[in-house]
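Chain by chain, the residues run as shown.
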Amino acid sequence: MAFIILAMIPIALPSAGFYIFLSLGFLAGLVLLGWALVLIASRGARRAVRRYWKTSSLVFVVLAVPFAFYGWVQTAIWQIERESDRREAARNVTLEAPTTVAGIVMPAGTRLKLQDEGQLETYVEAEFAQPVAMYGVQASRAQRYLDTEYDSETYALRGRHPRSVLLRGAGNQAVLGWQCDATQDIEFDVAKDGAMVALNKCVFGPGNRVEELDLAPGSIVYGSTGTVYTDGSRDADQWRIEVKDPVAVKVFGLPLSEPRLYLDGERRLLRVSDAELACPTRLGGVSYAAGTQVKTVRRGRGDEREPYPGVLVLSPWNGQVARREGQADVPEGMSVMQTLAGEVVDVVKNDTVGVFHFATITVGDDMPQPTRARCP
């Protein structure tokens, strides 16, 4: 919507004649400067000007007019830049005494960058002179993204309020039961009054565990209110974790490379997606090659919904096949649906269970190299 609005605003660009006249004004100024230097240095030149004063006066006027235009433009630009610098300086404030800003007590020496001049409540960046407690984080820096409200009839500015807050601090800090690396952005969704709504994102430090699985530092957790379906129903997957581990992790008994895990509000593992086997694996009576794509079946709709974790979907990839005892091999393009105990439920086409292979667009000469966690 913002792009559409901006595209509808007419912007008058200077014509080519403007730039030509401006360039002529600059050249006229150089000529006038050279002329003045010659007159200062040469008595004969001064006598010539006096002798041909009418011609000299005409030449001076011809040169002075474009140079005056050039000088006016440069003066206007200088004034605009000076005003811009003044406004920018006014938007950067250092607190001289402890001050409560947007409900947070900030110490003296805190440096704020404001969205609106003179309005502390509209700060978009804050660097604290000493750690400040915000949303359970001892923060040394805060960054806010603000939404703007306008009057529906006059479009006058009605106010601004925060939409999300990014915090940074020192070391490893506990945030809503997770151990987060505070040296990287910890992001919160917030209400209009600044109250925390949810933890949106944090990068794990050491010490995080889900059931029997230790989560490597560098993994990323995202918070949400659960997956919402078109029929209005909502799943319980309130946490999504992108595992970043150079060693394969065991999920539902399978060695997976950098899986995406979904947890409920009690931190129980519900399902997995966007994963692949890090090692050749045998499940039930089916043998799979490393690189086989793995996910769990998404729940159905309405009365057809099944409880998590549901059924595993294993999809041969890159020309590989899945080998079944006493059955034909399952080629790429087909997926094997199995229970956690290894029972084969069905063999179906990939698109039936939402498995797709998208083309990769490469910019530059280097092809991206696939990464896969090593087998434990």
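The structure displayed is predicted, hence computed values, not measured ones.

### Some details on the packing of aromatic side chains
Geometry of an aromatic ring pair is reported as the spacing of the ring centres plus the angle between the planes.
Item 1. Scanning the entire structure with this criterion turns up 7 aromatic pairs.
Item 2. Both rings, one in Phe 69 and one in Trp 72, keep their centres 6.1 Å apart while their planes meet at 35°; by these two values the pair is tilted. With Phe 69 and Trp 72 both in helix α4 (residues 53-90) and 3 residues apart, this pair spans about one turn of that helix.
Item 3. Judged by its relative accessible area of 58%, Trp 72 falls in the exposed class.

### Description of the pattern of salt bridges
Item 1. One pass over the structure, following the stated rule, counts 17 salt bridges.
Item 2. Here Arg 86 ties to Glu 83 by a salt bridge, and the two come within 2.9 Å at their closest N and O atoms. Remark: Glu 83 and Arg 86 occur in helix α4; sequence separation between them is 3 residues, near one turn of the helix.
Item 3. The class of Arg 86 is partly exposed, set by a relative accessible area of 39%.
Item 4. Overall, the relative accessible area of 30% leaves Glu 83 in the partly exposed class.
Item 5. A salt bridge links Lys 192 to Glu 149; its shortest N-O distance comes to 2.9 Å. Placement of Lys 192 in the loop between β10 (186-190) and β11 (196-203) and of Glu 149 in strand β6 (residues 137-150) is noted, with a sequence separation of 43 residues between them.
Item 6. Glu 149 sits in the partly exposed class, given a relative accessible area of 26%.

### Considering the sheet that holds strand β26 (residues 334-338)
Item 1. Spatially, β16-β17-β20-β23-β24-β26-β27 is the arrangement adopted by the 7 strands of the open sheet, whose pairing is antiparallel. Strands with a single pairing partner mark the edges of an open sheet, and in this sheet they are β16 (249-251) and β27 (344-349). Going across the sheet, the axis of each strand differs from the next one's by a mean of 40°, ignoring polarity.

### Observations regarding the layout of surface pockets
Item 1. By volume, the second largest pocket is sized at about 270 Å³.
Item 2. Around the second largest pocket, the lining is made up of 17 residues, and of these Ala 102, Glu 121, Arg 144, Pro 162 and Asp 193 lie nearest the centre.
Item 3. Where the lining of the second largest pocket is concerned, the elements lending two or more residues are β5 (123-134), β6 and β7 (157-169).
Item 4. Considering every element that reaches the lining of the second largest pocket, the biggest residue donor is β7, with 4 residues.
Item 5. Split by residue class, the lining of the second largest pocket holds 8 nonpolar, 4 polar and 5 charged.

### Focus on the packing of helix α2 (residues 16-41) against α4
When two helices pack together, their arrangement is given by the angle between their axes and by how far apart the axes lie.
Item 1. Put simply, α2 and α4 touch, their axes get as near as 7 Å, and they point 125° apart. With respect to α4, the axis of α2 lies oblique. Seen along the crossing, α2 lies across α4 with a hand that is left-handed. On α4, the residues that touch Phe 18, Phe 21, Leu 22, Leu 24, Gly 25, Phe 26, Ala 28, Gly 29, Val 31, Leu 32 and Trp 35 of α2 are Ser 56, Val 59, Phe 60, Leu 63, Ala 64, Pro 66, Phe 67, Phe 69, Tyr 70 and Val 73.
Item 2. Of the residues contributing to the contact of α2 with α4, the split by class is 18 nonpolar, 3 polar and no charged.

### Quick look at a positive patch on the surface
Item 1. A cluster of like positive charges, contributed by Arg 43, Arg 46, Arg 47, Arg 50 and Arg 51, occupies part of the molecular surface.
Item 2. For Arg 51, a relative accessible area of 62% puts it in the exposed group.

### Digging into the pairing of β5
Item 1. Alignment of strand β4 (residues 111-114) against β5, held across 4 bridges, turns out to be antiparallel. Considered in β5, the bridge of Leu 112 is made with Ala 126.
Item 2. As judged from the 6 bridges shared by β5 and β6, these two strands associate in the antiparallel manner. Looking across to β6, one finds that Ala 133 is bridged to Gln 138.
Item 3. Taken together, β5 and the strand that follows it, β6, pair antiparallel across an intervening segment of 2 residues, in which Tyr 135 is found at a positive phi of about 55°.

Here is what the cut-offs are and how they apply
- Residues numbered from 1 in each chain as written.
- Predicted model: local features only at pLDDT ≥ 70, side-chain atom pairs only at ≥ 80, totals over all residues.
- Heavy atoms only, no water.
- Phe/Tyr/Trp six-rings, centres within 6.5 Å; stacked < 30°, edge-to-face > 60°.
- Helix = DSSP H or I, 4+ residues; strand = E, 2+ residues; numbered from the N terminus.
- Buried < 20%, exposed > 50% of the residue type's maximum accessible area, 1.4 Å probe, protein only.
- Salt bridge = Lys/Arg side-chain N within 4 Å of Asp/Glu carboxyl O.
- Pairing = 2+ DSSP bridges.
- Axes fitted to C-alpha atoms, helices over the stretch in contact; angles between N-to-C directions.
- 1 Å grid on protein atoms, 1.4 Å probe; cavity = no way out; pocket = protein on both sides within 12 Å on 5 of 7 lines; lining within 4 Å.
- Points joined across faces, edges and corners; volume = space filled by probe spheres on them.
- Nonpolar A, V, L, I, M, F, W, Y, C, P; charged D, E, K, R; others polar.
- Parallel < 35°, antiparallel > 145°, perpendicular 65-115°, else oblique.
- Left-handed = near helix turned anticlockwise from the far one by under 90°.
- Contact = heavy atoms within 4.5 Å.
- Patch = residues over 30% accessible without salt bridge, like charges linked within 9 Å, V, L, I, M, F, W, Y side chains within 5 Å.
- Areas by Shrake-Rupley, 256 points an atom, 1.4 Å probe, with all protein chains shown as cover.
- Lys, Arg positive; Asp, Glu negative; His and termini not counted.
- Charge placed at Lys NZ, Arg CZ, Asp CG, Glu CD.

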